[in-house]
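As a plain string of letters, each chain reads:
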Amino acid sequence: MKDTDTLIADSQRYIANTYSRYPLVLVRGQGCKVWSSDGKEYLDFVAGLAVCNLGHCHPKVVGAIQDQSRKLLHVSNFYHIEPQIELAKLLVENSFADRVFFCNSGAEANEAAMKLAKKYAKDTGRADGFEIISMKRSFHGRTMLTMSATGQEKIQKGFDPLVPGFTYVPFNDIEAARGAITPQTCAVIVEPIQGEGGVNCPSEGYLRDLRELCREREILLIFDEVQVGMGRTGKLFAYEHEGVYPDIMTLAKSLAGGVPIGAMLATEEVAKSFSPGTHASTFGGNPLATAAGVAALSVLLEDDLLENCRRVGGHFFSRLSELTTKYPFIKEVRGRGLIIGVELNFEGAQFVTRCMDEGFLINCTMGNILRFLPPLIMTTDEVDQLVGTLDRIFGECKEDVKS
Ligand SMILES: Cc1ncc(COP(=O)(O)O)c(C=O)c1O
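Calculation rules
- Residues numbered from 1 in each chain as written.
- Predicted model: local features only at pLDDT ≥ 70, side-chain atom pairs only at ≥ 80, totals over all residues.
- Heavy atoms only, no water.
- Helix = DSSP H or I, 4+ residues; strand = E, 2+ residues; numbered from the N terminus.
- Buried < 20%, exposed > 50% of the residue type's maximum accessible area, 1.4 Å probe, protein only.
- Contact = heavy atoms within 4.5 Å.
- Areas by Shrake-Rupley, 256 points an atom, 1.4 Å probe, with all protein chains shown as cover.
- Lys, Arg positive; Asp, Glu negative; His and termini not counted.
- Charge placed at Lys NZ, Arg CZ, Asp CG, Glu CD.
- Axes fitted to C-alpha atoms, helices over the stretch in contact; angles between N-to-C directions.
- Parallel < 35°, antiparallel > 145°, perpendicular 65-115°, else oblique.
- Left-handed = near helix turned anticlockwise from the far one by under 90°.
- Nonpolar A, V, L, I, M, F, W, Y, C, P; charged D, E, K, R; others polar.
- Pairing = 2+ DSSP bridges.
- Phe/Tyr/Trp six-rings, centres within 6.5 Å; stacked < 30°, edge-to-face > 60°.
- Lys NZ or Arg CZ within 6 Å of the ring centre and 35° of its normal.
- Near = heavy atom within 4 Å.
- Polar contact = N/O pair within 3.5 Å; in protein donor to acceptor, adjacent residues only side chain to side chain.
- Expected span 1.5 Å × (residues − 1).
- Core = buried A, V, L, I, M, F, W, Y, C linked by side-chain atoms within 4.5 Å.

*Asks:* Explain the overall build of the chain here, please?
*Replies:* In terms of helices and strands, the chain carries 14 helices and 15 strands. When its C-alpha atoms are laid out on the principal axes, the chain stretches across 65 × 55 × 45 Å. Split into buried and exposed, the 403 residues of the chain put 54% on the buried side. In the chain, 70% of the contacts between residues at least 6 apart in sequence involve partners at least 24 apart. Looking at the chain as shown, the accessible area adds up to about 18,000 Å², and 52% of this sits on carbon and sulfur atoms. Charge-centre separation for the chain: the mean point of 42 positive side chains lies 2 Å from the mean point of 51 negative side chains.

And the structure:
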């Protein structure tokens, strides 16, 4: 293997400059740990940004990929594909949905969802139903449509004109959503917990009220569960905590245990607005990705990962909450299951770097919110190792940041 400096120099030379990367080349992963090219071990609280929910290289996912790769890597959606059928069946049997459209990423799943909502409006006699309400601080992807749906100016800057028809309202403000509905509105899109926007949780009853509002005004409700679906919150889907069903839901990230995939799930009534020729994806539902998906979802359904997520998540949350009494610069700890955010009253980047020095990968979003998205197999011991380290690091910098 090339040495680390050469790899980083080549990365900077040849790859489009869209990410600010840490000077780290990760070469191996197992369970909750990853190793860098220079042999250093890290406990991973990023998990590929909520992708590796089962941990790195789960043996059942690896086995399924190996088996499938010997049989059939790819065929067109002109033909029926066995693992695609199996994964769709598993998703339908375990969710509100009746139909699944497969694609390759979260953005594509949201593209499909919003296209379907627009088409459904037209099919149900609302030819001008093209407007979509989305939330401030939301994140739905980086394609033109999903970036336009994303309620963050910093992400849209420089790419106008945006796709028209989006109205942004504050998350957790049901009256603002009600006030934003016009005769042209066809859907509301919302993350049940905002991930990139800072781990913002819904207040009690908010998603239920949104559901009711959409029903009343005959518009569709889309839940973007790309980040919080597949067990991340301690239930298979985050909507289960709220006792409400969307009309459409999107998934991606951890659905195939680390292999790229996206999915849009919908009720029969809504899904029937898609017919042959209305939407497609060459790789969507590819045999390799869906075989990995069947294995990953089976592990999630059969093992006690959801229970572990709730238990370890609860422990993590209370350990982090203890730190708030010690460090006044912590504004809030929030989250559910194993998506947890710690809001600081100043920039958090220094803690990401310090944690990395100490052998922990963590993330910071929106500048000042430390975000933890570990694999759902994380143990309380491993959580305690990180919290102990954070406690020490916070303590070291306490004096400089007291203001
Ligand atoms: C809630 C949500 N929706 C959509 C996306 C976009 O997914 P992708 O990067 O796979 O296109 C993300 C990615 O972080 C996300 O968190």
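*Asks:* Explanation requested: the packing of helix H3 (residues 59-71) against helix H11 (residues 287-302) in the structure shown.
*Replies:* Helix packing geometry: the angle between the two helix axes and the distance between the axes. Viewed as axis vectors pointing N to C, H3 and H11 meet at an angle of 150 degrees, and their least axial separation amounts to 8 Å. Taken as axis vectors, H3 and H11 run roughly antiparallel relative to one another. Relative to H11, H3 is oriented so that their crossing is right-handed. Here Lys60, Val61, Ala64, Ile65, Gln68 and Ser69 of H3 come into contact with H11, specifically with Pro287, Leu288, Ala291, Ala292, Ala295, Ala296 and Val299. Residues of the contact of H3 with H11, tallied by class, amount to ten nonpolar, two polar and one charged.

*Asks:* Before we go on, may I ask you to explain the sheet that holds strand E5 (residues 131-135) in this structure?
*Replies:* Hydrogen bonding along the main chain pairs the strands of a sheet, whether they run parallel or antiparallel. Read from one edge of the open sheet, seven strands run E4-E10-E9-E8-E7-E5-E6, paired in mixed fashion. Each of the sheet's edge strands pairs with one partner strand only, and the pair in question is strand E4 (99-103) and strand E6 (166-169). Here the strands of the sheet are splayed against their neighbours by 20 degrees on average, with no regard to which way each runs. In this sheet, E6 lies alongside E5 in parallel orientation, the contact comprising four bridges. Looking across to E6, one finds that isoleucine 133 is bridged to threonine 167.

*Asks:* Help me understand the packing of aromatic side chains, please; the structure alone is not making it clear to me.
*Replies:* Two aromatic rings, taken as a pair, are described by how far apart their centres are and by the angle between their planes. Throughout the structure, instances matching the rule amount to 17 aromatic pairs. Summarising the aromatic geometry, the rings of phenylalanine 45 and phenylalanine 360 are spaced 6.4 Å apart at their centres and angled 50 degrees between planes, so their arrangement reads as tilted. Highlighted residues: phenylalanine 45 in the loop between strand E3 (41-44) and helix H2 (47-50) and phenylalanine 360 in strand E13 (residues 360-361), separated in sequence by 315 residues. A centroid spacing of 5.6 Å and a plane angle of 35 degrees characterise the contact between tyrosine 327 and phenylalanine 329, whose relative ring orientation is tilted. The pair tyrosine 327 / phenylalanine 329 is uniform in exposure class, with both members buried. One residue, arginine 28, lies across the ring of tryptophan 35, its end atom 4.0 Å from the ring centre.

*Asks:* Looking at this structure, I do not really get the site of the ligand. What am I missing?
*Replies:* Near the ligand lie 13 residues; those nearest to it are Gly106, Ala107, Asp224, Gln227 and Lys253. Between glycine 106 and the ligand, the recorded distance is 2.8 Å, taken from a backbone N or O atom to an oxygen atom. Computed on the free molecule, the ligand has an accessible area of 390 Å², of which 81% lies beneath the protein chains in the complex. By residue class, the composition of the shell around the ligand is three nonpolar, six polar and four charged.

*Asks:* How should I be thinking about the side chain of threonine 365 in this particular structure?
*Replies:* Considering the arrangement of structural elements, one finds threonine 365 in strand E14 (residues 363-365). Its relative accessible area of 7% is what places threonine 365 among the buried residues. Among residues more than four places away in sequence, those in contact with threonine 365 are Gly195, Glu196, Gly198 and Arg371.

*Asks:* Can you help me understand helix H14 (residues 380-397) in this one?
*Replies:* Think of an α-helix as turning once every 3.6 residues; residues three or four places apart then point the same way. If you check H14, its first and last C-alpha atoms are 26 Å apart, about what 18 residues at 1.5 Å a residue would give, namely 26 Å. If you check which residues of H14 are buried, you get Glu382, Val383, Leu386, Val387, Thr389, Leu390, Asp391, Ile393, Phe394 and Cys397.

*Asks:* Explain the sheet that holds strand E1 (residues 26-30) here, please?
*Replies:* Taken in spatial order, the four strands line up as E1-E2-E3-E13 in an open sheet, and their pairing is mixed. Only two strands of the sheet have a single partner each, and these edge strands are E1 and E13. The pairing of E3 with E13 spans two bridges and is parallel. By the bridge assignment, aspartate 44 is partnered in E13 with leucine 361.

*Asks:* Got a minute to help me understand the nonpolar core in this structure?
*Replies:* In a soluble, globular protein the nonpolar side chains are often hidden away together inside. Of all hydrophobic cores here, the largest spans 89 residues; its most connected members are Phe45, Leu210, Phe316, Leu320, Phe372 and Phe394. Per-element tally for this core: the top contributor is H11, with eight residues. Beyond its immediate stretch of four places on either side in the chain, phenylalanine 45 contacts Phe316, Phe360, Leu361, Ile362, Arg371, Phe372, Leu373, Pro374, Met378, Glu382, Val383 and Leu386. Ranked by size, the runner-up nonpolar core spans 25 residues in total, among them Phe101, Met114, Val270 and Ala271.

*Asks:* What is the right way to read the pairing of strand E12 (residues 339-344) from this model?
*Replies:* Each regular strand shows side chains that alternate between the opposite faces of the sheet. A large share of E12 lies buried, amounting to six of its six residues. Judged by which residues are buried, E12 turns out to be covered on both faces: Ile339, Gly341 and Glu343 on one side and Ile340, Val342 and Leu344 on the other are all buried. Of the strand pairs in this sheet, strand E11 (residues 330-336) and E12 are connected by six bridges, and their pairing is antiparallel. Bridge pairing in E12 places arginine 334 opposite glycine 341. Taking the residues that link successive antiparallel strands as the turn, the E11-E12 hairpin has two residues, and the phi of glycine 337 there is positive, at about 60 degrees.

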